[in-house]
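Residues per chain, in single letters:
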Amino acid sequence: MRLLIGGGRVIDPGQGIDAKLDVLIEDGRIAEVGHKLPVPRDCQVYEAQGRIVAPGLIDMHTHLREPGREDQETISSGTRAAVWGGFTSVVCMPNTQPPNDNQAVTKFILEQARTEGACHVFPVGCITKGQQGEELAEMGELAASGVVGFSDDGRSVANAELLRRAMEYAAMLDLPIISHCQDAHLGHQGVMHEGLISTKLGLPGMPSAAEEIIVARDIRLAELTGARLHIAHVSAAGSVDLIRQAKFRLADITAEVTPHHFTLTDEAVYSFDTNTKVNPPLRSKDDLEAILTGLEDETLGVIATDHAPHTLAEKEREFTLAPFGMVGLETALPLALQLVSKDLLTLPGVIARLTINPARILDLPHKGTLAVGSDADVTIINPEKKVIVDPGSFKSKGRNTPFGGWELQGAAEAVVVSGKLINLQ
Ligand code: DOR
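Below is a short write-up of the structure.

Conventions used here
- Residues numbered from 1 in each chain as written.
- Predicted model: local features only at pLDDT ≥ 70, side-chain atom pairs only at ≥ 80, totals over all residues.
- Heavy atoms only, no water.
- Helix = DSSP H or I, 4+ residues; strand = E, 2+ residues; numbered from the N terminus.
- Buried < 20%, exposed > 50% of the residue type's maximum accessible area, 1.4 Å probe, protein only.
- Contact = heavy atoms within 4.5 Å.
- Lys, Arg positive; Asp, Glu negative; His and termini not counted.
- Charge placed at Lys NZ, Arg CZ, Asp CG, Glu CD.
- Near = heavy atom within 4 Å.
- Polar contact = N/O pair within 3.5 Å; in protein donor to acceptor, adjacent residues only side chain to side chain.
- Nonpolar A, V, L, I, M, F, W, Y, C, P; charged D, E, K, R; others polar.
- Pairing = 2+ DSSP bridges.
- Axes fitted to C-alpha atoms, helices over the stretch in contact; angles between N-to-C directions.
- Salt bridge = Lys/Arg side-chain N within 4 Å of Asp/Glu carboxyl O.
- Expected span 1.5 Å × (residues − 1).
- Core = buried A, V, L, I, M, F, W, Y, C linked by side-chain atoms within 4.5 Å.
- Phe/Tyr/Trp six-rings, centres within 6.5 Å; stacked < 30°, edge-to-face > 60°.
- Lys NZ or Arg CZ within 6 Å of the ring centre and 35° of its normal.
- Parallel < 35°, antiparallel > 145°, perpendicular 65-115°, else oblique.
- Right-handed = clockwise from strand over helix to strand, strands pointing away.

### A few points about the overall build of the protein
1) Next: A count of helical and extended segments in the protein gives 13 helices and 17 strands.
2) Next: The principal-axis extents of the C-alpha atoms in the protein amount to approximately 65 × 45 × 45 Å.
3) Next: Counting across all 425 residues of the protein, residues that qualify as buried make up 61%.
4) Next: Sequence-distant contacts, at least 24 apart, represent 74% of the contacts inside the protein between residues at least 6 apart.
5) Next: If you average the places of the 38 positive and of the 56 negative side-chain charges in the protein, the two averages end up 3 Å apart.

So, in structure tokens, the structure goes:
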């Protein structure tokens, strides 16, 4: 099977490529990237003039909900949402039911992804059994069965001694700890960012300090243990500062930001739309500014969705009772491209944060690049395409987005997953 993607603007930040080139795919691998490649026999051709041809996008923070909450999302629907959003790989968080804290669950996810998945799925294993923060999960067995990192995402490991041990194991296994940073007590009844707007609305708040305290703690523990630490969904200005300082000292600290945290502030909560209820919460204008600076200077080297589908019934409750989370796979790319139109990042800068940077953190050597021999995962983007966000047309089972009706520009028009072209038009 051969496929030639011809005449597009190939942007592969991992190799420093940004040029009009052709990409030839053979047998599920990148065979050649070059100028005006001859079309071999028996070769499908995709005309990509005016399009951006990037390595397949990787979302390193997705909730696929299966096993256990198939009413919210399945591996089938979640990976379809990913593909329609331009992603060819997703990394799924372990807060399923049961949580992914043992080999059986990891193997189930991988098998389900193999048979039902529309794109590649890389599971993350729990740090603690049942995400209860009391006893370490079987980290060695999880690693052997194929997890790409460890996280108790949804909450922090409150016990610093336990997290220290987890980091020691993770360092031995050479896998990252992906940390959801939030103090278990400070603002634990909060439903939004603690500030002027929470006071005006009379809603209990979650102070930025709840995140910053744990970012500082986890950085210290990573320094103590030599573990690779990745900070998930950074939302607070103080966290950006702490990570920036740590990166000066430490090679192995990385961090991600979600499209909602680089686009919205707590002002969105004035609507009382429960789709703005997310954890960590949408924060203040100052936090947003700090996040944009952190994105620019690469303190925040990854853009990840934290795609968190919930049912309509769950989200149609009062703000205080609705669950935290919003879907993101099908809006992430156009929202990320806004950073380019606003002159905050270059196009290669955005693509790096969605491809090579997550691939390096997760140690996926054949992903996130179009280097010859890499897996043939490609995202073809039409930068001119007008998008009106229509949650009703999402492939995800989740409709819980605050971006419904937004007019954006730029979206994936095709992806290649393991050499197979999927046209999204
Ligand atoms: O808003 C969130 N929703 N934040 C998390 O950390 C977990 C996620 C979920 O699983 O719904």
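### Topic: the site of the ligand
1) Next: Taken together, 14 residues surround the ligand, and among them R65, N95, H180, N279 and H310 come closest.
2) Next: Here an oxygen atom of the ligand sits 2.9 Å away from a polar atom, N or O, in the side chain of N95.
3) Next: A distance of 3.3 Å separates an oxygen atom of the ligand from a polar atom in the side chain of H180.
4) Next: Of the residues contributing to the shell around the ligand, the split by class is three nonpolar, eight polar and three charged.

### What about the sheet that holds strand β9 (residues 177–179)?
1) Next: Pairing is parallel in the open sheet, where four strands are placed in the order β9-β12-β13-β14. Strands with a single pairing partner mark the edges of an open sheet, and in this sheet they are β9 and β14 (302–303).
2) Next: Direction of pairing for β9 relative to strand β12 (residues 229–231): parallel, over a ladder of three bridges. Looking across to β12, one finds that I178 is bridged to H230.
3) Next: Lying over the sheet, helix α6 (residues 208–225) contacts β9, β12 and β13 (253–257), oriented at roughly 165 degrees with respect to β12.

### A look at the side chain of D266
1) Next: Considering the arrangement of structural elements, one finds D266 in the loop between α8 (259–263) and α9 (285–296).
2) Next: One buried charged side chain, D266, makes no salt bridge at all; its nearest oppositely charged neighbour is K285, positioned 7.9 Å away.
3) Next: The residues contacting D266, other than those within four sequence positions of it, are M192, H193, I197, L282, R283 and S284.

### Quick notes on α9
For an α-helix, 3.6 residues make a turn, and residues three or four places apart therefore share a direction.
1) Next: The end-to-end C-alpha distance of α9, which contains 12 residues, comes to 17 Å, matching closely the 16 Å that a straight helix rising 1.5 Å per residue would cover.
2) Next: Listed in full, the buried residues belonging to α9 are D287, L288, A290, I291, L292, G294 and L295.
3) Next: Positive backbone phi, approximately 70 degrees, marks E298, located one or two places after α9.

### Some words on the nonpolar core
Generally speaking, nonpolar side chains in soluble globular proteins are found buried as a group.
1) Next: One finds F150, I231 and F262 to be the most contacted residues of the largest nonpolar core, which totals 75 residues.
2) Next: In this view, I231 contacts S179, C181, V215, I243, I253, T254, A255 and E256; residues no more than four positions away in its chain are not counted.

### A word on the packing of aromatic side chains
1) Next: Inspection of the entire model under this criterion finds two aromatic pairs.
2) Next: Taking 4.8 Å as the distance between ring centres and 85 degrees as the angle between the ring planes, the aromatic pair formed by F403 and W406 counts as edge-to-face.
3) Next: Residue classification places W406 among the partly exposed positions, given a relative accessible area of 30%.
4) Next: Here the basic side chain of K277 rests over the ring of F324, its NZ or CZ set 4.8 Å away from the ring centre.
5) Next: Positioned above the aromatic ring of W84 is the side chain of K395, whose terminal nitrogen or guanidinium carbon lies 4.6 Å from the ring centre.

### Here's the deal with the packing of helix α7 (residues 237–249) against α9
1) Next: The contact between α7 and α9 brings their axes to 8 Å, and the two run at 30 degrees. Considering their axes alone, α7 and α9 lie roughly parallel with respect to each other. Counted together, A237, V240 and R244 of α7 and D286, D287, A290, I291, T293 and G294 of α9 form the full contact between these two elements.
2) Next: When its residues are assigned to classes, the contact of α7 with α9 shows four nonpolar, two polar and three charged.

### With respect to the side chain of T263
1) Next: Of note, T263 is situated in helix α8.
2) Next: Only 2.6 Å separates the side chain of T263 from the backbone oxygen of P259, close enough to count as a polar contact.

### Describing the pattern of salt bridges
1) Next: In the structure shown here, the tally under the stated rule is 21 salt bridges.
2) Next: With a closest N to O distance of 2.8 Å, D18 and R9 form a salt bridge.
3) Next: We classify R9 as partly exposed; its relative accessible area is 36%.
4) Next: Its salt-bridge partner being R69, residue E314 comes within 3.0 Å of it at the nearest N-O pair. With a gap of 245 residues between them, E314 in helix α10 (residues 312–315) and R69 in the loop between β6 (57–62) and α1 (75–84) connect regions that are remote in the sequence.

### Quick notes on the pairing of strand β7 (residues 87–92)
1) Next: Within β7, six of the six residues are buried, leaving the element largely enclosed by the surrounding structure.
2) Next: Sheet topology places β6 next to β7; four bridges connect them, and they run parallel. Its bridge partner lying in β7, D59 is registered against V90.
3) Next: The handedness of the β6 to β7 crossover, carried by α1, is right-handed.

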